[in-house]
Amino acid sequence: MLRRALLATLLASAITPVLCAKERILVHRIGASESTLFIAKADGSDERPLLPTSGLDYNASFSADGKWIIFTSERGGSADIYRVHPDGSGLERLTDDPAYDDQAALSPDGKQLAFVSSRGTGSADIWTLDLQTKKARNLTHAPGSFRPCWSPDGKWIALSSDRNTSVRRLDADRFAQVHAVSIYVMRADGAGVRRLTPAGKFVGSPKWSSDGKRVVFYEMEIHDTYNAMRPGFGIPVDSQIISVDVATGARQEHTSGPGLKVSPQYLSENRIGYVIKAGPRMGLAFTTGDQGASGKMRNASWSRDGKWVVYQKWSYDWPQNRRLFSIDPEFDLADSAPFPAYSHDGKKLAVTNLGTGIVAMPSVSVMDADGTNAKLIFPGEEGALALAPQWSPKDDWIAFGRGLYFPPRGRPARVMLMRPDGSELHELTKGEGNSGFPSWSPDGKRIVYRFWSESEYGLRIINLDDGSTTQLTSGFDNFPGWSPKGDLIEFTRFSEGDFDIYTIRPDGTGLRRLTTSPGNDAHAMWSPDGKHILFSSARFGFKDEAPLYDDIPQPYAELFVMNADGSGQRPLTDNQWEDGTPAWAPPSTSR
């Protein structure tokens, strides 16, 4: 039913009237800005870059004969599969599709490519590609399938999958999701799917033993998968390397003790290499007790003879206004600092600045629309966040939220006002409770914001003339946005176990639900003419195993656009990163 609903969404988008001109969208992408592949000796020594230039390259693996390294790259725009010789020569692109293609492995005879792709549905399935005929085939038709691995004889494929599991949320935060994944095996044509590991644990990244009798993987508690995505936040997460007999299901535990251990691979019958992602020591390690090179290696893959290893190293430094790939030609996408907001004349941007450490967003800056001449106008304070600046209709004031907006919310948060030069700072809201995410009415006389406390939730509207407030809603509501025409307010509501986009009139009437897909729909933003709404959606699910991500709270958020009435929903991005808090440029800055 979910697949049919997703296909219906995509078909509906095909008949949606196109916009009149190309639109420019800023979006804050949480993910790697650069990723470089390195090849080294098996223990990580004598490291060198695999390629002379990096183009956001990741998830590499060796061919069985050791003559090729298969990897994913975004150097051509979308995520596609490439291969290259271990000496960096013979670079060749194997897939060329605007969809997300990733996590590829060559069959032992080198004729077939198994990989993860979002083609057709937007969700992750296991596909194969015949390298001679170029014919691609979906083997799983079960969204949420990852990390395919061929058996040594080429007759079977092992994979990890979250199929037949519902959205699971982290107890402490309704928005965050955890990942329930098991290991499956199937024949090379997709038939005979069999579950290899029981439910109740997260189990990922299967690899076969050389005799094809066992499959090795890493295993951890499901509720730990969220914190495994964010090792920099200092919450320890442990996992272990386990193998099972494919015929009998007999388990063998190969590691013990602390550390987040991932990406295991048999190097011999009694030796397994793996990556320690977080813990007392990070780097390469082996079940024989010896350790390899230390550092932030990710997704290591060893050659079949055990002599070489290839892995990636990330960096995170997205320049303001760096162009991003859009699967919809009507839109130009560019990256931004969090919560970008255009002034109404299109000449300026206000953004939340990324800081350092656990408190990551403490300040507000204003810059020219092209990203130049940035000026810090609110330096922030330790232990608090400054989020979601919004320009007044005359561009003479900026409203924003100051306080704590992530659990635990142990102190009040306020809606603040200041001039665009940083002067005349004052609190707009008073008292206890958590206020934030303001949005101006088009006439500049009122501001809608979200208010949360231990006993009350919902949206409130403050009258700027006399300071009086009225309660607009009483649900678990967030991210309100006043429409340019002033007739509607969009917002995100958690109801019936899910986050969706709603609209309501400023007088509290006409409540309408616009999205109904499973997963988070949030971070909505009106188009300047009020005819469309941008938003982030998790409806397509995870694109990879959650513990393999780095510092990405929601690695399943694609950017969508829809008509103001909720019709014509269509994706603008298709990747493994988090795309959120968008801003739609006024017509004067669109191209």
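Residues numbered from 1 in each chain as written. Predicted model: local features only at pLDDT ≥ 70, side-chain atom pairs only at ≥ 80, totals over all residues. Heavy atoms only, no water.

**Brief notes about the overall build of the chain**
(1) Moving on: A tally of regular secondary structure across the chain gives 2 helices and 50 strands.
(2) Moving on: Its C-alpha radius of gyration of 25 Å places the chain within 12% of the 25 Å reference for a compact globule of 591 residues.
(3) Moving on: Counting only C-alpha atoms, the chain reaches 75 × 50 × 45 Å along its principal axes.
(4) Moving on: Expressed as a percentage of the 591 residues in the chain, the buried residues total 59%.
(5) Moving on: Within the chain, counting contacts between residues at least 6 apart in sequence, those at least 24 apart form 46% of the total.
(6) Moving on: When the accessible area of the chain is evaluated, it comes to approximately 23,600 Å², of which 51% is carbon and sulfur surface. (Helix = DSSP H or I, 4+ residues; strand = E, 2+ residues; numbered from the N terminus. Rg over C-alpha atoms; globule rule 2.2 N^0.38 Å. Buried < 20%, exposed > 50% of the residue type's maximum accessible area, 1.4 Å probe, protein only. Contact = heavy atoms within 4.5 Å. Areas by Shrake-Rupley, 256 points an atom, 1.4 Å probe, with all protein chains shown as cover.)

**Points about the environment of Ser 61**
(1) Moving on: By secondary structure assignment, the location of Ser 61 is in strand 4 (residues 57–62).
(2) Moving on: Ser 61 sits in the buried class, given a relative accessible area of 13%.
(3) Moving on: Placed 240 residues apart in sequence, Ser 61 and Ser 301 show a C-alpha to C-alpha distance of 5.4 Å.
(4) Moving on: The contact partners of Ser 61, leaving out residues within four places of it in the chain, are Trp 68, Ile 69, Ile 70, Ala 104, Ala 105, Ser 301 and Val 310.
(5) Moving on: Only 3.0 Å separates the side chain of Ser 61 from the backbone oxygen of Ala 104, close enough to count as a polar contact. (Polar contact = N/O pair within 3.5 Å; in protein donor to acceptor, adjacent residues only side chain to side chain.)

**Observations regarding the nonpolar core**
(1) Moving on: Judged by nonpolar contacts, the single largest core of 61 residues is most densely connected at Leu 284, Trp 302 and Tyr 311.
(2) Moving on: Per-element accounting of this core gives the leading share, 5 residues, to strand 23 (residues 271–278).
(3) Moving on: Setting aside chain neighbours within four positions, we find Tyr 311 in contact with Thr 36, Leu 37, Phe 38, Ala 40, Gly 44, Glu 47, Leu 284, Met 297, Arg 298, Asn 299 and Ala 300. (Core = buried A, V, L, I, M, F, W, Y, C linked by side-chain atoms within 4.5 Å.)

**Focus: the pairing of strand 1 (residues 23–30)**
(1) Moving on: Summarising burial for strand 1: 7 of the 8 residues are buried, a large majority.
(2) Moving on: Relative to strand 29 (residues 331–335), strand 1 runs parallel, the two sharing 5 bridges. Counted as the bridge partner of Arg 24 is Asp 332 from strand 29.
(3) Moving on: Where strand 1 and strand 50 (residues 578–584) come together, 5 bridges link them in antiparallel fashion. Among the inter-strand pairings, Ile 30 is bridged to a residue of strand 50, identified as Glu 578. (Pairing = 2+ DSSP bridges.)

**Considering the sheet that holds strand 50**
(1) Moving on: Here 4 strands make up an open sheet; going across it, the order is 28-29-1-50 and the pairing mixed. Two strands lie at the open edges of the sheet, namely strand 28 (323–324) and strand 50, each paired on one side alone.

**With respect to the pairing of strand 43 (residues 489–495)**
(1) Moving on: Within strand 43, 6 of the 7 residues are buried, which leaves it mostly tucked inside the rest of the structure.
(2) Moving on: Judged from the 5 bridges that link them, strand 42 (residues 476–482) and strand 43 form a sheet pairing that is antiparallel. Along strand 43, the bridge assignment pairs Phe 476 with Phe 494.
(3) Moving on: In textbook terms, the turn of a hairpin is the stretch between consecutive antiparallel strands, and for strand 42 and strand 43 this stretch comprises 6 residues, one of which, Gly 486, has a positive phi near 85°.
(4) Moving on: The pairing of strand 43 with strand 44 (residues 498–504) spans 7 bridges and is antiparallel.

**Overview of the pattern of salt bridges**
Close approach of charged atoms allows side chains of opposite charge to pair.
(1) Moving on: Going through the model one piece at a time under the given rule, you end up with 33 salt bridges.
(2) Moving on: A salt bridge links Arg 570 to Glu 330, with the shortest nitrogen-to-oxygen separation between them at 3.3 Å. Taken as a pair, Arg 570 in strand 49 (residues 570–571) and Glu 330 in the loop between strand 28 and strand 29 lie far apart in primary sequence, 240 residues in all. Grouping residues by exposure puts Arg 570 and Glu 330 together as buried.
(3) Moving on: Among the salt bridges present, the one from Arg 414 reaches Glu 427, with a minimum N-O distance of 3.7 Å. Highlighted residues: Arg 414 in strand 36 (residues 414–418) and Glu 427 in strand 37 (residues 426–427), separated in sequence by 13 residues.
(4) Moving on: Note on Arg 414: relative accessible area 17%, which makes it buried. (Salt bridge = Lys/Arg side-chain N within 4 Å of Asp/Glu carboxyl O.)

**A closer look at the sheet that holds strand 3 (residues 48–49)**
(1) Moving on: One open sheet holds the 4 strands; their spatial order is 3-2-27-26, and the pairing between them is antiparallel. Only two strands of the sheet have a single neighbouring strand rather than two, namely strand 3 and strand 26 (298–302).
(2) Moving on: Two strands pair when backbone bridges link them, and strand 2 (residues 34–41) and strand 3 are joined in this way by 2 bridges, in the antiparallel orientation. If you follow Phe 38 over to strand 3, its bridge partner there is Pro 49.

**Things to note about the packing of aromatic side chains**
(1) Moving on: Applying the stated rule across the entire model yields 22 aromatic pairs.
(2) Moving on: Ring centres 5.5 Å apart and planes at 45° place the aromatic pair Phe 202 and Tyr 218 in the tilted group. With a gap of 16 residues between them, Phe 202 in strand 18 (residues 202–208) and Tyr 218 in strand 19 (residues 214–220) connect regions that are remote in the sequence.
(3) Moving on: Given the relative accessible area of 0%, Tyr 218 is considered buried. (Phe/Tyr/Trp six-rings, centres within 6.5 Å; stacked < 30°, edge-to-face > 60°.)

**Regarding the side chain of Ser 35**
(1) Moving on: Within the fold, Ser 35 resides in strand 2.
(2) Moving on: Residue Ser 35 is classed as buried on the basis of its relative accessible area of 0%.
(3) Moving on: If we ignore the near neighbours within four places in the chain, the residues touching Ser 35 are Ser 54, Leu 56, Asp 57, Tyr 58, Gln 312, Lys 313 and Trp 314.

**Considering unusual backbone geometry**
(1) Moving on: The residue Phe 339 is not glycine, and still its phi comes out positive at about 50°.
(2) Moving on: Counting through the fold element by element, Phe 339 comes out in the loop between strand 29 and strand 30 (341–342).
(3) Moving on: With a phi close to 60°, Asp 395 is a non-glycine residue in the positive phi region.
(4) Moving on: Secondary-structure assignment places Asp 395 in the loop between strand 34 (385–391) and strand 35 (398–403).

**Details of the environment of Pro 528**
(1) Moving on: By the secondary structure assignment, Pro 528 is in the loop between strand 46 (521–526) and strand 47 (532–537).
(2) Moving on: Distance in space between the C-alpha atoms of Pro 528 and Ala 228 is 39 Å, their sequence separation being 300 residues.
(3) Moving on: Ignoring sequence-local partners within four residues, the contact set of Pro 528 consists of Pro 484, Trp 584, Ala 585, Pro 586 and Pro 587.

**Describing the confidence of the model for the chain**
(1) Moving on: For the chain, mean pLDDT is 91; residues scoring 70 or higher make up 93% of the total.
(2) Moving on: Low pLDDT, under 50, characterises residues 1–20; the stretch is placed with 26 contacts to residues that sit more than four places away or in other chains.
(3) Moving on: Across residues 356–360 the pLDDT falls below 50, and counting only partners more than four positions away or on other chains, this stretch makes 9 contacts in the model. (pLDDT = per-residue confidence, 0-100.)

**Remarks on the side chain of Asp 550**
(1) Moving on: For Asp 550, the position within the fold is in the loop between strand 47 and strand 48 (558–563).
(2) Moving on: Here the side chain of Asp 550 touches Arg 298 through a polar contact of 2.8 Å, side chain to side chain.
(3) Moving on: Discounting residues that sit within four places of it in the chain, Asp 550 has contacts with Met 229, Pro 231, Lys 277, Arg 298, Trp 314 and Tyr 316.

**Here we look at the environment of Thr 473**
(1) Moving on: With respect to the secondary-structure elements, Thr 473 resides in the loop between strand 41 (469–471) and strand 42.
(2) Moving on: Judged by relative accessible area, Thr 473 falls into the buried class, the value being 6%.
(3) Moving on: Put simply, Thr 473 and Arg 230 are 243 residues apart on the chain and 33 Å apart in space, counted from C-alpha to C-alpha.
(4) Moving on: Aside from chain neighbours lying at most four places away, what touches Thr 473 is Tyr 457, Gly 458, Leu 459, Phe 491, Arg 493 and Ile 504.
(5) Moving on: In terms of polar contacts, Thr 473 uses its side chain to reach the backbone amide nitrogen of Leu 459, at 2.9 Å.
(6) Moving on: Here the side chain of Thr 473 touches Asp 477 through a polar contact of 2.5 Å, side chain to side chain.

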